[in-house]
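What follows is each chain in one-letter form.
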Amino acid sequence: MQVKDKVFILRKTRYGDNDLILNCLTPSGARISLFARSALRSKKRFGGGVLEPTHYVHVLYEDKSGSRTEHPLHTLKEASLIEDFPGLRSDYARIELALHFVRLVSEVVKEGEIDSSDIFNLLGNSLRAVEKSQSLDKLRTQFETKLLANQGVLPLEGEERALLAVPISDHEKLPLDAIEWSRLRSRVRSTLREYLGQERSASAER
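Residues numbered from 1 in each chain as written. Predicted model: local features only at pLDDT ≥ 70, side-chain atom pairs only at ≥ 80, totals over all residues. Heavy atoms only, no water.

A. Up close: the nonpolar core. Residues F8, L25, V105, L123 and F143 are the most contacted members of the largest nonpolar core, which totals 38 residues. Every element with two or more residues in this core is listed here: β1 (2-15), α2 (92-108), α3 (117-132), α4 (136-150) and α6 (178-205). For this core, the leading source of residues is α2, giving eight residues. Discounting residues that sit within four places of it in the chain, V105 has contacts with L10, L25, I119, L123 and F143. Formed by 18 residues, the second largest nonpolar core is a distinct cluster that contains V7, I32, L51 and Y61. (Core = buried A, V, L, I, M, F, W, Y, C linked by side-chain atoms within 4.5 Å. Buried < 20%, exposed > 50% of the residue type's maximum accessible area, 1.4 Å probe, protein only. Helix = DSSP H or I, 4+ residues; strand = E, 2+ residues; numbered from the N terminus. Contact = heavy atoms within 4.5 Å.)

B. Examining the packing of α2 against α3 more closely. Interhelical geometry of α2 versus α3 gives an angle of 170° and a closest axis separation of 9 Å. Relative to α3, the element α2 lies roughly antiparallel. Residue-level contacts link R94, L97, A98, F101, V102 and V105 of α2 to I119, L123, S126, L127, V130, E131 and K132 of α3. Per-class residue counts for the contact of α2 with α3 are nine nonpolar, one polar and three charged. (Axes fitted to C-alpha atoms, helices over the stretch in contact; angles between N-to-C directions. Parallel < 35°, antiparallel > 145°, perpendicular 65-115°, else oblique. Nonpolar A, V, L, I, M, F, W, Y, C, P; charged D, E, K, R; others polar.)

C. Local environment of the pairing of strand β5 (residues 73-83). Bridge count for strand β3 (residues 31-36) against β5 is three bridges, and the pairing is parallel. In the strand pairing of β5, L34 is matched with H74. The pairing of strand β4 (residues 56-62) with β5 spans seven bridges and is antiparallel. Its bridge partner lying in β5, V59 is registered against A79. (Pairing = 2+ DSSP bridges.)

Given below as structure tokens:
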């Protein structure tokens, strides 16, 4: 069965000389893997650098969910760009933060499980915010806070609640002083390291 969808590309891995395996996030919050045969050679189907992490794309793929494989590798037939967020590439710090966001989502959302459309929306809104933000550190902290809260692993203290109540696009307007930001940033990153460590250990045991 062929499926049309819109996805964010989270990660790409070269397979052989010309093929790619793409790790993607769907609007329902599911993480899927797509096999792009001859992607590095085919300019007609995958030209113009469309298959890059952070890109938002239309995809047409052959759904392999009926196979006996636990995490099927769907076959990508076509892909076209919706949004490449050109402002991300205006400087190194912006593209690094955007790649940090997609790496986190790739680690947090499990293959084959529908997590939450909230994560899809959070990622899209955050990538737009990175393009113009004048406070990338605050944006990173708010993104990590919202992502951890979505996973139910972040204690909701005063500063955390303040960040969750504000849209990611308004991260520069959050009413926290320097001490509150420092305290919050430390708590969030400590929780994130612990959570990702647990997830990696669980994956290694499977």
